[in-house]
Amino acid sequence: MRISIRFSLLCICFVAASAAQAYGQDRITGTVKDQNGDPIAGASVTAHAVSTRASVTTVTNGNGAFSLHGLTSGEYDLSVAANGFRVATKKVNAGGNTDVSLEVGEARVTVSAEIGSAEETKNVPQPVNVITQDSIQQRATSVLAQAAREEVGLNYQRTSPTIGAITIRGLTGKNVVNYVDGVRYTHGGQRGGINTFFNLNDGSSLQAIEVIRGPNSAQYGSDSLAGTVNLISKNPIYGADDSGWHGEFNPTFSSADKSYGSSGLVSYGTKNFGGYVNLYGRKIGDIRTADGVDSHSAITRFLGLPSTILYDRSPNTGFNQYGLTTRINYSPEDDQQLVFYYQRGQQDDGKRFDQLVGGDGNLIADLRNLMLDFGYLRYATQRIGPFDSFSVTGSFNSQREERVNQGGQGNPFGDITHQYERTNTWGISSFLDKRFRNNTFLIGGDFYRERVNAPAYTVSGTTLAVLLSRPRVPDEVTFGSGGVFIQDQWNAIPDRLRITGALRYSGMSYNVDGSKSPVVAGRQLWISDKLTTGGVAGRIGAVVKANDNFSVVFNYSRGFRYPNITDLGTLGLTGDGFEVDHITAQAYNGTVGTTAGADAVSTGLPVAKQRSEISNNYDFGVRYDRHRVNAAFTVFRLDINKAIVKQALILPAGAVGRLLGSDVITTQNANGTVFVAASANPVLVRTNFTDAKILGVEYEMGARLTDRLKFKGNFTYSKAEDKAKGVPPNIEGGTPPPTAFLSLRHDWKRFWVEAYGSFAGRQDRLSSGDLADRRTGATRSRAQIENYFRRGACVLGLTFNAANTCNQAVGQYTLRATNENITQVLTRVLGPAFATSPMTRELPGYGLANLRGGIVINEKSQFFWAFENILDQYHRNPSWGIDGTGRNFTAGLRFKF
């Protein structure tokens, strides 16, 4: 109710703001032309106030002219962008007139690398990816995480059709922090190896995605062990003579998943007010993978048969996504700006395909009503006390889901668990900055308070009786985090040596109240727990320019990550299997296993409460940028100390029948590894177990061969290993293979064509966690095969018995396709000894050939098309819960008014 009242008040303020139209004193005018002197219509022109970073945006008219109003006197960073041209930046003063000439090609400007400023990426020491609006539209045909394709140093993780995230230097999930317009999007309940809610952000609402490669905890706090992703929302058009009403309509279609949808944006602007509403929706159908084959199907994993005997489009991979985004910028005074932003996103009918016939063979693995409510209110002003500017932001972030699962390799009579989870986060952040001599100094801080609402219950598969059960994390758990930081940019030798640095102290508080736990069968579902800790992070880097074209860069950064709600409180089914929290494991005298697989033996180390993780990252690079050629080469080393990883839980003999939360231990092997019915993998526990290092090389290059012909490419290689043993570390998500991207594009006056290819090497460095993971190695055992043979396979009609019933004694069943009994299938799949083993110990390399192009119908309309994976090649990366799409044709239209 309180949230509704707050939202209503903000809407009222909105209407009032739109009615008040105070006019600024100054303006910036000019024209935008190409290198031949011809005017460029539809170019986006944005002026950022140097002191406050408040911004005003407009577009050029048919003559290439623009006019920005409502500006206070002072210096501005002017940024001009147009399709097919390099972004141009220059400093201008309010009240002046300037002409901007754009060159064919690409240049990138980042607002994320150094808070409070906009800089070209070549001038900051951290390696940064800037993914433009056009690139997002072309790549993210299904979900937003696909935008990371084709980028140096990045990959994307694809747990299910709906769930995915951006991978930075081989790390994802808990090791990458996500922001929207500088507001924290990641929360303490985020799962370890995936990001359930990242794809609830829609590309149609974004003007860019900026990714900082390497830790940046000095500014962005906990979880930035590998890097930071900042989603930049579209800026409304206002501050121009012809602001008025504008709009955009973007229908799309893709053949591989038979998806279709559209977004529609309507904006209105005056000289000091601008706002828009963007509505979007799409329907994604079942995916067709290469040759219609699902490589990790339960049919292949447990029966050794091709998935095509049952399907050629992966069933239950479709879903619906829809939502809205609204943003309003208002300048009540010449030197002030208010920004209100709100987005609502939802995914319906999503499922964990890797837990269904696409992996474990279960019958139910629903992701119901994934929802997002995210918003902020920001105020920025110039000249406050001795400082040049001040910015403060208040935010609200609510992410919710309900997971419904039934385990047992397709047991139709197994218990069905319902786990609802909603994390509400309230936050506040601010900074002050001061420019003096050759320095820009900034001091800032942030605080976020979280509460998780997580009721859970279990429905008996036989009696339909309902019983309260242990949720994934304790209900009403609270988590607070925050910190203060300083940042400085020093132009030690103007245009030759630039040094930047930052330092931060952060702290967290985790609290579980056991008195709020229901008592079921005389047992509390959870007990009280708490943790308070802090950490220091910093970075320092330098850009040394030998001349205007060549520079050498160095950057050191220290990241940290304190244990979050998921680390400390998880008990239940997760993406890698069934996990137990440290309290339950300690109560049963649990120890940490040597691996994450069924072969684990005890290390003798008792399970303990997790401690903070620390990363140290070293970057060294060279950059070259001339009129026709640009290139960057980076080598890095990333050390992660005391990484929180998942290892098998080892219990003393006689553990069968004991409860882990609401689940019963059904099996224990001779090593002490235990299993529950909900998962095919052994029970896992999170622990500080690994000191790991990641070594890598990143190279990218672009060249304008002629005025119309452009080449670009990149290569990424990383190798992760446990420092003590030299083996791949058990860090969730797995390490992507070496990857490369090549492109050749030809531009004509009204259309363009690009031939491009994506390539990946073989990945045979898989950790024990990867090998056990259904998404990667897909380990299978005798018990799992026997269970699937009489359960999931029977329900699908792949096996049968005389009574035509399922879940009976396994010896009664026959495999319909081959007329084999269970012994014959076990011998064929596992060998005569029936030894537990992964289905695959490596992921093969691949090369994808693609073609795309566009047609400029007129200055307001464009048509885009892409023919992807033309040769219909199989491809899959570590921790992908579904194969990559096969041959696919995509078409889209962008119409502006």
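For clarity, every value in this text was computed on a predicted model and none was experimentally measured. (Residues numbered from 1 in each chain as written. Predicted model: local features only at pLDDT ≥ 70, side-chain atom pairs only at ≥ 80, totals over all residues. Heavy atoms only, no water.)

A. Quick look at unusual backbone geometry. A positive phi angle, close to 85°, is found at D223, a residue other than glycine. Along the polypeptide, D223 turns up in the loop between α3 (217–220) and β16 (227–233). Located in the positive-phi region is N819, a residue other than glycine, with phi close to 60°. Tracing the backbone shows N819 in the loop between β51 (814–815) and α10 (822–830). (Helix = DSSP H or I, 4+ residues; strand = E, 2+ residues; numbered from the N terminus.)

B. Structural context of the state of the cysteines. Inspection of every chain in the model, using the stated rule, returns one disulfide. Two residues share a disulfide in this structure: C794 and C806, whose sulfurs sit 2.1 Å from each other. Disulfide C794 to C806: torsion about the S-S bond roughly -85°, handedness left-handed. Taken together, the residues span a long stretch of sequence, with C794 in helix α9 (residues 792–795) and C806 in the loop between β50 (799–800) and β51 at a distance of twelve residues. Of the two residues, C794 and C806, neither departs from the other in class, the shared state being buried. (Disulfide = S-S within 2.5 Å. Buried < 20%, exposed > 50% of the residue type's maximum accessible area, 1.4 Å probe, protein only.)

C. Highlighting the sheet that holds strand β6 (residues 88–93). Judged by pairing direction, the sheet is antiparallel, and its four strands sit side by side in the order β3-β2-β5-β6 without closing on themselves. The open sheet has two edge strands, β3 (55–59) and β6, and neither has a second partner. The sheet shows a mean angle of 20° between the axes of neighbouring strands, taken without regard to direction. (Pairing = 2+ DSSP bridges. Axes fitted to C-alpha atoms, helices over the stretch in contact; angles between N-to-C directions.)

D. Molecular detail of the sheet that holds strand β1 (residues 26–34). Read across the sheet, three strands follow the order β4-β1-β7 without closing on themselves; strand pairing throughout is mixed. At either margin of the open sheet sits one strand with a lone partner, and together these are β4 (65–71) and β7 (97–102). Going from strand to strand, the sheet's axes swing by 25° on average, the running direction of each strand aside. Relative to β7, β1 is paired through six bridges, and the arrangement is parallel. Bridge pairing links T29 to N97 in β7.

E. Local environment of the packing of helix α8 (residues 782–790) against α10. Running from amino to carboxyl end, α8 crosses α10 at an angle of 135°, the nearest separation of the two axes being 11 Å. The angle between α8 and α10 falls in the class oblique. For α8 against α10, the interelement crossing comes out right-handed. Listed contacts from α10 to R782, I785, E786 and F789 of α8 are I822, V825, L826, V829 and L830. Classifying every residue of the contact of α8 with α10 gives seven nonpolar, no polar and two charged. (Parallel < 35°, antiparallel > 145°, perpendicular 65-115°, else oblique. Left-handed = near helix turned anticlockwise from the far one by under 90°. Contact = heavy atoms within 4.5 Å. Nonpolar A, V, L, I, M, F, W, Y, C, P; charged D, E, K, R; others polar.)

F. View of the confidence of the model for the chain. In the predicted model, the chain carries a mean pLDDT of 90, and the fraction of residues at 70 or more is 94%. Here residues 1–24 scores under 50 on pLDDT; set against residues more than four positions off or in separate chains, the count is 25 contacts. (pLDDT = per-residue confidence, 0-100.)

G. Inspection of the nonpolar core at higher detail. Counting residues in hydrophobic clusters, the biggest one holds 54 residues, and the most contacted among them are I136, I166, I168, I209, V229, L231 and F374. With residues up to four places along the chain from it excluded, the contact list for I166 reads A145, A148, L154, N155, L171, T172, V176, F198, I209, V211 and V229. Judged by nonpolar contacts, the second largest core, of 26 residues, contains I299, Y311, F834 and I882. (Core = buried A, V, L, I, M, F, W, Y, C linked by side-chain atoms within 4.5 Å.)

H. Fine view of the packing of aromatic side chains. According to the stated counting rule, one finds 14 aromatic pairs in the structure shown. Relative to Y788, the ring of F302 has its centre 5.3 Å away and its plane inclined at 40°; by these criteria the two rings are tilted. Placement of the pair is F302 in helix α4 (residues 298–303) and Y788 in helix α8, with a sequence separation of 486 residues. When sorted by exposure, F302 lands in the same class as Y788, which is buried. An angle of 20° between the planes, with centres 4.7 Å apart, marks the rings of W748 and F751 as stacked. Ring-pair connections join several aromatic residues into one group, and the members of that group are Y185, Y341, F374 and Y376. (Phe/Tyr/Trp six-rings, centres within 6.5 Å; stacked < 30°, edge-to-face > 60°.)

I. Spotlight on empty space enclosed by the protein. Scanning the entire structure with this criterion turns up twelve cavities of 30 Å³ or more. The volume enclosed by the largest cavity comes to roughly 520 Å³. Forming the walls of the largest cavity are 34 residues, and the residues nearest its centre are R149, Y156, S758, L848 and H875. At the level of secondary structure, the elements contributing two or more residues to the lining of the largest cavity comprise β11 (154–158), β47 (739–747), β48 (751–760) and β53 (846–858). Considering only residue class, the lining of the largest cavity consists of 13 nonpolar, 15 polar and six charged. When its volume is computed, the second largest cavity comes out at roughly 400 Å³. (1 Å grid on protein atoms, 1.4 Å probe; cavity = no way out; pocket = protein on both sides within 12 Å on 5 of 7 lines; lining within 4 Å. Points joined across faces, edges and corners; volume = space filled by probe spheres on them.)

J. How the structure looks around α10. Within α10, burial applies to I822, V825, L826, V829 and L830. The buried residues of α10 all sit within an arc of 100° when viewed along its axis, so they share a single face. On the buried face of α10, the contacting elements are α4, β49 (779–780), α8, β51 and β52 (837–838). The opening residue of α10 is N821, an N-cap whose side-chain oxygen sits 3.2 Å from the backbone nitrogen of T823. (Arc of directions from axis to C-beta. Polar contact = N/O pair within 3.5 Å; in protein donor to acceptor, adjacent residues only side chain to side chain.)

K. Examining α8 more closely. With seven of nine residues buried, α8 lies mostly within the body of the structure. Among all positions of α8, only Q784, I785, E786, N787, Y788, F789 and R790 are buried.

L. Quick look at the environment of L367. Residue placement: L367 occurs in strand β24 (residues 364–384). The buried category is assigned to L367, whose relative accessible area is 2%. Along the primary structure L367 and R403 are separated by 36 residues, whereas in three dimensions their C-alpha atoms are 5.0 Å apart.

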